[in-house]
Amino acid sequence: MSPSLIQLTPNSGAAGDDLEDVRLLDDWGQQRKGEGERAGSVGEEKVRRVRVRVTGMTCAACSNSVEAALRGVEGVVEATVALIQNRADVTFDTEIVKEEDIKDAIEDAGFEAEILPEPNINVKKSSGALVGQFSIGGMTCAACVNSVEGILRKLPGVRKAVVSLPTSLGEVEYDPAVISKDDIVNAIEDAGFEGSLVQSNEQDKIILGVSGVSTEVDAELLEGLLSQINGIRKFRFDRLTRELEVLFDPEVVGCRSLVDGIVEASGGRFTVHVKNPYSRMTSKDLEESSKMFNLFTSSLFLSVPVFLIRVCPPVPLLYPFLVWRCGPFLMKDLLKWFLVSMVQFVIGKRFYLAAGRALRNGSTNMDVLVALGTSASYFYSVCALLYGALTGIWCPTYFETSAMLITFVLLGKYLESLAKGKTSDAIKKLVELAPATALLLIKNKGGKAIGEREIDVLLIQPGDLLKVLPGAKVPADGVVSWGSSYINESMVTGESVPAPKEVGYLVIGGTVNLHGVLHIQATKVGSNTVLSQIISMVETAQMHKAPIQKFADYVASIFVPTVVAMGLVTFMGWFFFGAAGAYPESWLPENSNYFVFSLMFSISVIVIACPCALGLATPTAVMVATGVGAKNGVLIKGGDALERAQKVNHVIFDKTGTLTQGKASITAAKVFNGMDRGEFLTLVASAEASSEHPLAKAIIEYARHFHFFEEPSAANEDPKLSEWLLDVSDFSALPGRGVQCFIDGKRVLVGNRRLLTESGVTIPTHAENFMVELEESAKTGILVAYDDVLIGVLGVADPLKREAAVVIEGLAKMGIRSVMVTGDNWRTAQAVAKEVGIHDVQAEVLPAGKADVVRSFQKNGSLVAMVGDGINDSPALAAADVGMAIGAGTDIAIEAADYVLMRSNLEDIITAIDLSRKTFQRIRWNYVFAMGYNVIAIPIAAGVFYPLFYVTLPPWVAGACMAFSSVSVVCSSLLLRLYRKPRLTSLLEITVE
């Protein structure tokens, strides 16, 4: 029985299945303002829209009648009736009108009415795009990838489509108002491939596994239960896989409430759990490998007897049976014919289907070559057999060639699927970091925990209070609300030292609690957690193609036609040269002729050529590299970033928070006008209280400590914080300069020289000398003016990261020049640069100017990497050839970057560049092997060296070589898993005693 598809509870945010419906609702929203008092009196939050199927309308008069009846109902805001579609769209006030009232009004007018279920697209999503991940089965080489990508990109509503051969996944960005995920799946299947949705970024859909449904009665009971749960828009239950797909309104019902509602309503008869999309992908990978293994073993079981009949000496017990005549045929010939037919058309059916869909889509792939080669061998053997039966002239058959060729190709595909599975181990290991269940603390109305229950980790909601036992994994990102412990975060950040956690500390989902019991309040769940974002980033990186892949795609597009042409030339060359007597008849095998002799060379050429190796050379290496990078705390956003990073020759560093620790502290405070030190600090702290700059925080903490002798960490917790600060008016932050405000009607300026100079404030000589003294000791001087008179200077120090100097030296050893760019003054910048060993400094650069600095180096032909952490670095990160964001930096900086250094350790810059170099060295070797294999193998298969060595390459041997060539390329890429990041001691040639 086909899967049920039932759509239930309506929702005010739903729009139509088609673009017209969405626009109708949007237009209605715009028109409401002009509808008069009737529309204006209805609050938007009270308004709903339903669609009604109206039966019995035959003309325009009928539709007008229905429309008039609907508009006559009190509380109906708008009603439109479409005669051709037999549908009415009604907008009404839910406090006055119910759905039944609308239905009754239509029926009273003499027509039949049925309230239609709500469509599955949200209005708020109709203008935006969804990103869906689809599993695509049946792809064998780069030509298949090009074919699928071309088909997907031509679909209306599809904005972007990227297909990955190693993962058998496609990532499609599409407009749900124009095209649905089912349409995309259908397009994939129409192209001849297997397609299914893995996951999408829809926030209101969940896939559940249901146990306990064994009969039709159970299925009907489940459907009945779902129909009674408010908030469900639509559901689909697949009776074969026992998977329940539910589309729901998150404002009405949550995932956990949905699951609990099903279990409770069934009285425990049904057990429900959330399906993890990554687990579903893994099971499909295992299923594909298992399928290939079964095909291989079946083919081997049928092919071995055929091969033995051909090559083994007669066996006394079996020989009489094999030579027994059945009409004009020997039994052994009939046996071979039957067994090979099973291999050719039952087991080998997949090659014909794949070749057919490729040709149907105007492309060619490896399956075309296999189908051509095996068909030529099989049908020649059949013709030779029938010719002998009719004429009595028996020619040798080559059934074993077809059977063994298919067997070896399947073996290669099985080994390839295993090897490709290894390349995605990184994602599998990341997924395994998340625990399967969590302990939810149940609270009473007063907020006190009164019990606990175990729930699926995918059902955690923001605000949940969770209990984490010693040795257990943290189930979600959150904040510690009770307890203290140490947590091992190495699996996420790469930092091996356990991090202490107390009340108020942040924790990351997937990390391990080592000691005490913790209560945490979940803040980020599902796709918003750090672990999910890392997985998503690694997945996205594996989907993105490196530019070098374009070469392989081009070669793949012409490879098969070229090989078929070469096979034809080989056949014609050997056949016509033989017929012309260009080589002796003694070269021909026993009982053979020029046609068969030439055909075997041609088949060998066709089946030995391997486009798969070319198609796998880059993506498998990129997959392994992104996984290795994630393991070492370096997140790579794509193959294009990998390719650019290996060519980088300039690295530009931001100073604050990148080369320095980003923890500024006040080291000096000097007052020049005789003002009390406490008053001076209060004035400056009051001016900086509205600023979000890190230096502002340091100033406030210093002033607070001066007044109250408290630790800086308490600064944000004291309720008296605002009591000691002065009232400020007209505050403004001036990027790259400082802040300006008014206190007691007098202007206060806190910032650098540029701010005071532009404001007309004179800097006395003694103040300038003190500033120079600070700057030459790598500190930043902050000038303070009150009522347009300089009253004091603050000295700020931001200590360097301990690894900064050795990383700069290490980059120099790698042939990379380091540059520092900062908004700080020249003396401080040069003092810091001198400490770390940087000779090229760009100082007093405004945030917008950092991108210009990047471009100035790019104009000289340099490939530039930018390393930064703040919002002000994001334009430069985006402008650079390679942007590297410090993991502790802002979300905007991380979004703009190509690499994310999770540990915020500068040593990972060396790791990132070294890994990219090693990866592309491996990719080049893969291409050398893939191209070299075809360059050497095809001439051997064509018999170019036969006149010298009298050695032929039988087609089944050629097939075995082809099968193992792609496996060897994948295994070559897997060697990247042995990567070890460079040790600074060896890089700098330091001898450790």
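Residues numbered from 1 in each chain as written. Predicted model: local features only at pLDDT ≥ 70, side-chain atom pairs only at ≥ 80, totals over all residues. Heavy atoms only, no water.

### Notes on the overall build of the protein
Here is the rule: Here a helix means four or more residues in a row that DSSP labels H or I, a strand means two or more in a row labelled E, and each is numbered from the N terminus. The buried label applies to any residue whose accessible area, calculated with a 1.4 Å probe on protein chains only, is under 20% of its type's maximum; exposed applies above 50%, and partly exposed to all values in between. By the convention used here, residues are in contact when the closest approach between their heavy atoms is within 4.5 Å. Shrake-Rupley sampling with a 1.4 Å probe provides the accessible areas, and residues are treated as covered by the protein chains on show and by no other component.
Secondary structure assignment for the protein yields 36 helices and 39 strands. Burial analysis of the protein (993 residues in total) assigns 52% to the buried set. Long-range pairs, those at least 24 residues apart, make up 70% of the contacts in the protein between residues at least 6 apart in sequence. Counting only carbon and sulfur atoms, one obtains 57% of the accessible surface of the protein, whose full area is about 44600 Å².

### Quick look at the sheet that holds strand β36 (residues 840-842)
Threshold: Whether two strands pair depends on DSSP finding at least two bridges between them. For helices, the fitted line uses only the C-alpha atoms of the stretch in contact; every axis is such a line through C-alpha atoms, and the angle between N-to-C directions lies from 0 to 180 degrees.
Taken in spatial order, the 7 strands line up as β27-β39-β38-β37-β28-β35-β36 in an open sheet, and their pairing is mixed. The sheet is open, and its two edges are formed by β27 (634-636) and β36, each paired on a single side. Each adjacent strand pair in this sheet contributes to an overall mean axis angle of 20 degrees, direction not counted. In the sheet, β27 pairs with strand β39 (residues 899-901) via 3 bridges, with the strands oriented antiparallel.

### Describing the packing of aromatic side chains
Heads up, the rule is: Only the six-membered ring of Trp is used, alongside the rings of Phe and Tyr, when aromatic pairs are assigned; centres must lie within 6.5 Å, and planes under 30 degrees apart are stacked while those over 60 apart are edge-to-face, with the rest tilted.
Evaluation of the coordinates by the stated rule reveals 26 aromatic pairs. Between Phe 345 and Phe 379, the ring centres sit 6.2 Å apart and the planes meet at 55 degrees, which makes this aromatic pair tilted. One end of the pair, Phe 345, is in helix α12 (residues 331-347); the other, Phe 379, is in helix α14 (residues 366-391), with 34 residues separating them in the sequence. Relative accessible area serves as the criterion here: at 35%, Phe 345 is assigned to the partly exposed category. On the basis of an interplanar angle of 25 degrees and a centroid distance of 6.5 Å, the ring pair of Phe 929 and Tyr 933 is categorised as stacked. Residue Phe 929 and its partner Tyr 933 are both found in helix α33 (residues 907-941); the two are separated by 4 residues, about one turn of the helix. The class of Phe 929 is partly exposed, set by a relative accessible area of 38%.

### Digging into the pairing of strand β15 (residues 271-274)
The side-chain alternation of β15 yields one buried face, formed by Val 272 and Val 274, and one unburied face, formed by Thr 271 and His 273. Pairing geometry for strand β12 (residues 205-211) and β15, over 4 bridges, is antiparallel. Its bridge partner being in β15, Gly 209 is matched across the sheet by His 273.

### So, the confidence of the model for the protein
What counts, and what does not: Across the chain, each position has a pLDDT score giving the predictor's confidence in that residue, from 0 to 100.
Mean pLDDT over the protein: 77, with 82% of residues reaching 70 or higher. Note on residues 1-45: pLDDT is under 50 here. Beyond four places in sequence and across chains, it has 99 contacts. Below a pLDDT of 50 lies the segment residues 118-127, which in the model reaches 46 contacts outside its immediate sequence neighbourhood of four places, other chains included.

### Some words on the packing of α12 against helix α13 (residues 349-360)
Just so we agree on the cut-off: Every angle not falling under 35 degrees, over 145, or within 65 to 115 is termed oblique; those three ranges are roughly parallel, roughly antiparallel and roughly perpendicular. Three classes are used: nonpolar for Ala, Val, Leu, Ile, Met, Phe, Trp, Tyr, Cys and Pro, charged for Asp, Glu, Lys and Arg, and polar for all others, with Gly counted as polar.
Relative to each other, α12 and α13 sit at 40 degrees, their axes nearing to 4 Å. In terms of orientation, α12 and α13 fall into the oblique class. Where α12 abuts α13, its residues Gln 344, Phe 345, Val 346 and Ile 347 lie against Lys 349, Arg 350 and Tyr 352. The residue inventory of the contact of α12 with α13, partitioned by class, reads 4 nonpolar, 1 polar and 2 charged.

### A few points about helix α35 (residues 955-974)
Put simply, the rule is: For a helix, the expected span equals 1.5 Å multiplied by the residue count minus one.
Taking 1.5 Å per residue as the helical rise, α35 with its 20 residues ought to reach 28 Å, and the 29 Å between its terminal C-alpha atoms agrees with that figure. A large share of α35 lies buried, amounting to 14 of its 20 residues.

### Comments concerning the nonpolar core
Condition: Take the buried residues of types Ala, Val, Leu, Ile, Met, Phe, Trp, Tyr and Cys, join any two whose side-chain atoms come within 4.5 Å, and each joined set is a nonpolar core.
In terms of nonpolar packing, the biggest core is built from 139 residues, with Phe 653, Leu 811 and Tyr 899 touching the most fellow members. Considering each element in turn, this core owes the most residues, 13 residues, to α33. Each residue touching Tyr 899, except ones within four places of it in the same chain, is listed here: Val 634, Leu 635, Ile 636, Ala 641, Leu 642, Ala 645, Val 882, Gly 883, Met 884, Ala 885, Ala 912 and Ser 916. Counting residues in each nonpolar core, the second largest holds 25 residues, with Ala 685, Ala 687, Trp 724 and Val 784 among its members.

### With respect to the environment of Leu 334
With respect to the helices and strands, Leu 334 occurs in helix α12. Separated by 51 residues in sequence, Leu 334 and Leu 385 place their C-alpha atoms 9.3 Å apart. Excluding its chain neighbours within four sequence positions, the residues that come into contact with Leu 334 are Cys 326 and Phe 329.

### Describing a negative patch on the surface
Keep this limit in mind: Residues forming no salt bridge and having over 30% relative accessible area are the ones grouped into patches, like charges within 9 Å of each other and nonpolar side chains (Val, Leu, Ile, Met, Phe, Trp, Tyr) within 5 Å. Basic side-chain nitrogens of Lys or Arg form a salt bridge, by our definition, when they fall within 4 Å of a carboxyl oxygen of Asp or Glu. Two residue types count as positive, namely Lys and Arg, and two as negative, namely Asp and Glu; His and chain ends fall outside the count. Taken as the charge location is NZ of Lys, CZ of Arg, CG of Asp or CD of Glu.
Residues Glu 100, Asp 101, Asp 104, Glu 107, Asp 108 and Glu 112 make up a contiguous surface patch of negative charge. Ranked by the residues each element gives to the negative patch, the list is headed by helix α4 (residues 99-108), at 5 residues.

### A few points about the packing of α13 against α14
The following threshold applies: Crossings are assigned a handedness: left-handed for a near helix turned anticlockwise from the far helix by less than a right angle, right-handed for a clockwise turn.
At a minimum axis distance of 8 Å, the contact between α13 and α14 shows a crossing angle of 125 degrees. Relative to α14, the element α13 lies oblique. At the point where α13 passes α14, the crossing takes the left-handed sense. Along its contact with α13, which presents Phe 351, Tyr 352, Ala 354, Ala 355 and Leu 359, the element α14 presents Met 366, Asp 367, Val 368, Val 370, Ala 371, Thr 374, Ser 375 and Phe 379. Among the residues making up the contact of α13 with α14, the classes are represented as 10 nonpolar, 2 polar and 1 charged.

### Here's the deal with unusual backbone geometry
With a phi angle near 60 degrees, Asp 787 is a residue other than glycine that sits in the positive phi range. With respect to the element layout, Asp 787 can be found in the loop between β33 (780-786) and β34 (789-797). Overall, the relative accessible area of 41% leaves Asp 787 in the partly exposed class. Backbone geometry places Asp 788, a non-glycine residue, at a positive phi of 65 degrees. Take Asp 788: it is sitting in the loop between β33 and β34. Looking at Asp 788, the relative accessible area reads 39%, which means it is partly exposed.

### A few points about the sheet that holds strand β22 (residues 485-488)
Spatially, 3 strands are ordered β23-β22-β25 in an open sheet, and the strand pairing comes out antiparallel. Strands at the two margins of the open sheet, each flanked by one partner only, are β23 (499-501) and β25 (512-513).

### Structural notes on the pattern of salt bridges
Two side chains of opposite charge can pair, provided their charged atoms sit close to one another. Applying the stated rule across the entire model yields 22 salt bridges. Asp 260 is paired through a salt bridge with Arg 453; the nearest N and O atoms lie 3.2 Å apart. Of this pair, Asp 260 sits in helix α9 (residues 255-265) while Arg 453 sits in strand β19 (residues 449-456), and the two are 193 residues apart along the sequence. Note that Asp 840 and Arg 817 form a salt bridge whose closest N and O atoms lie 3.1 Å from each other. Taken together, the residues Asp 840 in strand β36 and Arg 817 in strand β35 (residues 817-821) connect sequence positions 23 residues apart. Given the relative accessible area of 12%, Asp 840 is considered buried.

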